[in-house]
Amino acid sequence: PTGKHSMPRITKAHSCGFSLLEMVAVLMVAGILAAAVMLRTDAPTQRAATTRADELRRNLAHVQQLALGWGDSLRLTVAANSYNVTCRTNIGAACALAGVGNMPKDPATGADFTVSLTDDTSSVTLAAVGGNTIDFDSLGRPREPATGVLTATNPARTYTLTGGTRTAQVSLLPITGFAATSY
């Protein structure tokens, strides 16, 4: 049929290219893969601050629970790249073994309760607003280290963690000692 309204025949000479739809699909897949690779190469340093903030929040709750369970007063001391826990009293068995001013063994790991914020993949700095130390009494309440009175300021302490270009904060509330993170 070679009539006026018939379709032209496609021969091999005319079918040797890509359609517009195929080109768009390939470019979209390439763009998605490139974006995923960019996110993965930057991820460890960018997530370090938020990961360490979550870890500090969990450890603050853990220190409270240890103070409650052991019946001892514990102190959290922060430095630029680490924090640790020491015994303030030696009423309970764990602090009686460690001694006042020394680090008790963390029951979760069996090692001294100290956390370093630097490792092979990232480095996080830690700054405390309101003081570098906070005590938890035998009821798990935050107390001022110098006076021993319950903390009244809200928040009792704010810890700012910075890694890469991200910053995260952990706020310790007075009376209850509840710790909350914000990114």
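Coordinates for the structure precede this section.
Along each chain, residues carry numbers from 1 onward, in the same order as the chain's sequence is written. Residues qualify for local features only when their pLDDT is at least 70, as the model is predicted, and side-chain atom pairs are given and counted only at 80 or more; totals for whole chains, interfaces and linings, by contrast, use all residues. Water and hydrogen atoms play no part in the side-chain values, which are based on all heavy atoms of the structure.

Considering a nonpolar patch on the surface
Part 1 of the reasoning: Here a patch means residues that are over 30% exposed by relative accessible area and free of salt bridges, tied together within 9 Å if like-charged and within 5 Å if nonpolar (Val, Leu, Ile, Met, Phe, Trp, Tyr). Per-residue accessibility takes into account occlusion by the displayed protein chains alone, with areas from the Shrake-Rupley method and a 1.4 Å probe. Salt bridges are defined as contacts in which a side-chain nitrogen from Lys or Arg sits within 4 Å of a carboxyl oxygen from Asp or Glu. A contiguous nonpolar surface patch, about 330 Å² in accessible area, is contributed by Leu20, Val24 and Met28.
Part 2 of the reasoning: Here a helix means four or more residues in a row that DSSP labels H or I, a strand means two or more in a row labelled E, and each is numbered from the N terminus. Mapped onto the secondary structure, valine 24 falls in helix H1 (residues 20-70).

Examining the pattern of salt bridges
Close approach of charged atoms allows side chains of opposite charge to pair.
Part 1 of the reasoning: Going through the model one piece at a time under the given rule, you end up with seven salt bridges.
Part 2 of the reasoning: Where lysine 105 meets aspartate 112, a salt bridge forms, and the shortest distance between an N and an O atom there is 3.1 Å.
Part 3 of the reasoning: For arginine 143, the salt bridge goes to aspartate 137, with nearest N and O atoms at 2.9 Å.
Part 4 of the reasoning: Any residue under 20% of the maximum accessible area for its type is buried, any over 50% is exposed, and the rest in between are partly exposed; the area is computed with a 1.4 Å probe on protein chains only. For aspartate 137, a relative accessible area of 8% puts it in the buried group.

Brief notes about the sheet that holds strand S4 (residues 125-129)
Part 1 of the reasoning: Here four strands make up an open sheet; going across it, the order is S4-S7-S8-S9 and the pairing antiparallel. Across the chains shown, the open sheet's two edge strands, defined by having one partner strand only, are S4 and strand S9 (179-182). Strand-to-strand twist of the sheet, defined as the mean angle between neighbouring strand axes without regard to direction, takes the value 20 degrees.
Part 2 of the reasoning: The criterion for strand pairing is that DSSP finds at least two bridges linking the strands in question. Bridge count for strand S7 (residues 157-163) against strand S8 (residues 166-172) is seven bridges, and the pairing is antiparallel. Axis definition: a line fitted to C-alpha atoms, limited for helices to the stretch in contact. Angles are taken between N-to-C directions and run from 0 to 180 degrees.

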